[in-house]
Amino acid sequence: LRRKKDKREAKKKKSKQPKSKKEKGQKQQQQQQQNDEIAKRRAAKHFNSAVRKCVERSDPDGLYDLLHDKRNHKYALDAEVLEIVLKAFVVAAMFDEALYCCRNCTKPGTMSTWQTEKILQCLPQNLRNSSAYVAADMINALCIATDFDKPTHRT
């Protein structure tokens, strides 16, 4: 009875330990990749919270710096943060900034249709001629950032 128990424990110890240097290297490489992924997620979360804070504090200069920093272009804004930012830009008629945000800080299909509708409801009634073209480009980029539902029937 004791021998069987000793044999089982010896098998467990052997299976936990890597058998060769190659396996050790692969295990270390997997661990490094996991650590890199965790660091990227933390940096993206920090970027999103910094952008949200700038909008809540009404800090257009800080928001401009965050969004135009090339190092932040590898992070995409979450749907909720993107909605808040775009609504703030549209209400302030800053279509250039909204367009830049849609093109550089967004993944395609990030937002839902109701979030996009809420942003479009903030559009001012009277657009000047110069901003109308930029607004049209912004709406086009907003469509790319929206995940539309698949149609179930023809309208």
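Notes on the structure in this doc start here. (Residues numbered from 1 in each chain as written. Predicted model: local features only at pLDDT ≥ 70, side-chain atom pairs only at ≥ 80, totals over all residues. Heavy atoms only, no water.)

## Things to note about the packing of aromatic side chains
- All chains considered together, the criterion is met by one aromatic pair.
- Seen from their ring centres, Phe-47 and Tyr-75 are 6.1 Å apart, and the 35° between their planes marks the pair as tilted. Note that Phe-47 is positioned in helix H2 (residues 21-56) and Tyr-75 in the loop between helix H3 (60-68) and helix H4 (79-91), a separation of 28 residues in sequence.
- Overall, the relative accessible area of 3% leaves Phe-47 in the buried class. (Phe/Tyr/Trp six-rings, centres within 6.5 Å; stacked < 30°, edge-to-face > 60°. Helix = DSSP H or I, 4+ residues; strand = E, 2+ residues; numbered from the N terminus. Buried < 20%, exposed > 50% of the residue type's maximum accessible area, 1.4 Å probe, protein only.)

## Examining the packing of H4 against helix H6 (residues 113-120)
- Remark: H4 packs on H6, axes separated minimally by 9 Å, with the N-to-C direction vectors making an angle of 15°. Here H4 lies roughly parallel to H6, going by the angle between them. When you trace H4 past H6, the crossing you get is right-handed. Along the contact surface, H4 presents Ala-79, Glu-80, Glu-83, Leu-86, Lys-87 and Val-90, while H6 presents Gln-115, Lys-118 and Ile-119.
- Grouping the constituent residues of the contact of H4 with H6 by class yields four nonpolar, one polar and four charged. (Axes fitted to C-alpha atoms, helices over the stretch in contact; angles between N-to-C directions. Parallel < 35°, antiparallel > 145°, perpendicular 65-115°, else oblique. Left-handed = near helix turned anticlockwise from the far one by under 90°. Contact = heavy atoms within 4.5 Å. Nonpolar A, V, L, I, M, F, W, Y, C, P; charged D, E, K, R; others polar.)

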